[in-house]
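The lines below spell out each chain.
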Amino acid sequence: MNIIKSLFAAALGMILLCGCGASVPEQTTVPVLGTYEDNPYFDIVDTSVIRSADPFTKEPLTVVIHKLYAKESVDIDTELTAYDASGTKLGDSRDFTLPLVQGTYNFLMFPFETVEPVAETKGSYDVCKALERGPEHSVEMIQWIKEDAGLKVAVQQTAGKVGPLARGRFLLCCGDRIIGCARSWFFKDYLQNSGDTAEILADDWSAYFCEEGQSPDSVEMFLNP
């Protein structure tokens with residue numbers, strides 16, 4: 001788990017330190033109300049637990065995915081603890097600061113270095129307004145293709161600019177069930193003007209998890225502004 005956290009932290013750090021020319025915004029603390037599972041900022045509308053593998057080490061993982069509906073535009077930092085059927089703790093997993101856009105969906109992903117069945121989870125969260133945001137609907141997905149090497153996605157910029165931290169998050173589904181998720185940090189480098197298009201190839205994902213033996217029949221994109 002320390003390897004996973006370190007890799008995700010390093011990826012986030014590189015984005016924050018990039019030459020985007022934007023000043024670091026002052027963090028505004030927001031009161032944290034309720035619990036992770038029942039709070040005034042977001043609703044958990046779907047949950048999926050999948051068996052996958054670490055994209056870097058290829059070690060087996062259990063990944064818990066929570067699809068969210070945002071009731072306020074805030075930034076959330078979350079941690080989830082997983083337990084087995086006997087109540088024994090299996091581990092902790094953190095999804096780093098995520099900007100939510102009021103009235104839209106997004107998701108959180110929590111990988112655990114365990115092959116034991118996850119029977120229960122309990123989460124915690126912090127909320128603030130810390131990240132500098134760009135236009136909320138500045139990139140859309142125009143095509144996705146499942147290839148032998150993995151998933152390829154094409155996107156197009158639909159606004160005059162994208163935010164300095166703009167990145168895409170994708171849910172992979174089969175029927176009505178979530179079977180995986182993916183993230184890409186590439187938008188700032190390849191999307192500069194309205195109408196620009198770019199592809200995310202199989203090797204371009206900063207994180208990619210899909211349930212073993214499954215293949216998506218639909219892909220849903222969520223943009224972090």
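Structural data are supplied above this passage.
A brief report on the enclosed structure follows. (Residues numbered from 1 in each chain as written. Predicted model: local features only at pLDDT ≥ 70, side-chain atom pairs only at ≥ 80, totals over all residues. Heavy atoms only, no water.)

1. Thoughts on the pattern of salt bridges
According to the stated counting rule, one finds nine salt bridges in the structure shown. Arg133 is paired through a salt bridge with Asp75; the nearest N and O atoms lie 2.7 Å apart. Placement of the pair is Arg133 in the loop between strand 7 (120-129) and strand 8 (139-147) and Asp75 in strand 4 (residues 75-83), with a sequence separation of 58 residues. Across the pair Glu147 and Lys152 runs a salt bridge whose closest N-O atoms are separated by 3.4 Å. It is possible to trace a salt-bridge network through shared partners that takes in Asp95, Arg169 and Arg183. (Salt bridge = Lys/Arg side-chain N within 4 Å of Asp/Glu carboxyl O. Helix = DSSP H or I, 4+ residues; strand = E, 2+ residues; numbered from the N terminus.)

2. As for the pairing of strand 9 (residues 150-157)
Of all eight residues in strand 9, seven are buried, a share of seventy percent or more. Relative to strand 9, strand 8 runs antiparallel, the two being bridged by eight bridges. Bridging across to strand 9, Val139 finds its partner in Gln157. Linking two consecutive strands that pair antiparallel, namely strand 8 and strand 9, is a turn of two residues. Sheet topology note: the strand 9/strand 12 (residues 197-200) ladder contains four bridges and is antiparallel. Residue pairing for strand 12: Val155 is matched across the bridge by Ala198. (Buried < 20%, exposed > 50% of the residue type's maximum accessible area, 1.4 Å probe, protein only. Pairing = 2+ DSSP bridges.)

3. Here's the deal with the environment of Glu72
Looking at the element boundaries, Glu72 is found in the loop between strand 3 (60-70) and strand 4. Distance in space between the C-alpha atoms of Glu72 and Thr104 is 9.4 Å, their sequence separation being 32 residues. Residues in contact with Glu72, not counting those within four places in the same chain, are Pro40, Tyr41, Leu100 and Gln102. (Contact = heavy atoms within 4.5 Å.)

4. Section: the sheet that holds strand 11 (residues 177-184)
With respect to topology, four strands assemble into an open sheet ordered 13-11-10-14, the strand pairing being antiparallel. Whereas interior strands pair on both sides, the edge strands pair on one side only; in this sheet they are strand 13 (207-210) and strand 14 (218-224). Direction aside, neighbouring strands of the sheet carry axes that sit 20 degrees apart on average. The sheet contact formed by strand 10 (residues 167-174) and strand 14 spans seven bridges and is antiparallel. If you follow Leu172 over to strand 14, its bridge partner there is Val219. (Axes fitted to C-alpha atoms, helices over the stretch in contact; angles between N-to-C directions.)

5. Focus on unusual backbone geometry
You will see that Lys58, though not glycine, has its phi angle at about 70 degrees, which is positive. Among the residues examined, Lys58 registers a relative accessible area of 60% and is labelled exposed.

6. Concerning the pairing of strand 5 (residues 89-99)
Bridge analysis of strand 4 against strand 5 gives eight bridges, and the strand direction is antiparallel. What sits directly across from Asp75, in strand 5, is Pro99. Between the antiparallel neighbours strand 4 and strand 5 lie five residues, among them Gly87 with a positive phi of about 90 degrees.

7. As for the packing of aromatic side chains
Scanning the model with the defined rule gives seven aromatic pairs in all. Taking the centre distance of 6.2 Å and the plane angle of 70 degrees together, the rings of Tyr41 and Tyr125 count as edge-to-face. A residue pair is termed long-range when its members are at least 10 positions apart, and Tyr41 in the loop between strand 1 (28-29) and strand 2 (42-53) and Tyr125 in strand 7 qualify at 84 residues. Accessibility assignment for this pair places Tyr41 and Tyr125 in one class, buried. Lying across the ring of Tyr105, Lys67 places its NZ or CZ 5.0 Å from the centre. Positioned over the ring face of Phe107 is Arg169, at 4.5 Å from the centre of the ring. (Phe/Tyr/Trp six-rings, centres within 6.5 Å; stacked < 30°, edge-to-face > 60°. Lys NZ or Arg CZ within 6 Å of the ring centre and 35° of its normal.)

8. Examining the state of the cysteines
Going through the model one piece at a time under the given rule, you end up with zero disulfides. Cysteine Cys174 is unpaired, with the sulfur of Cys173 as its nearest cysteine sulfur at 8.8 Å. (Disulfide = S-S within 2.5 Å.)

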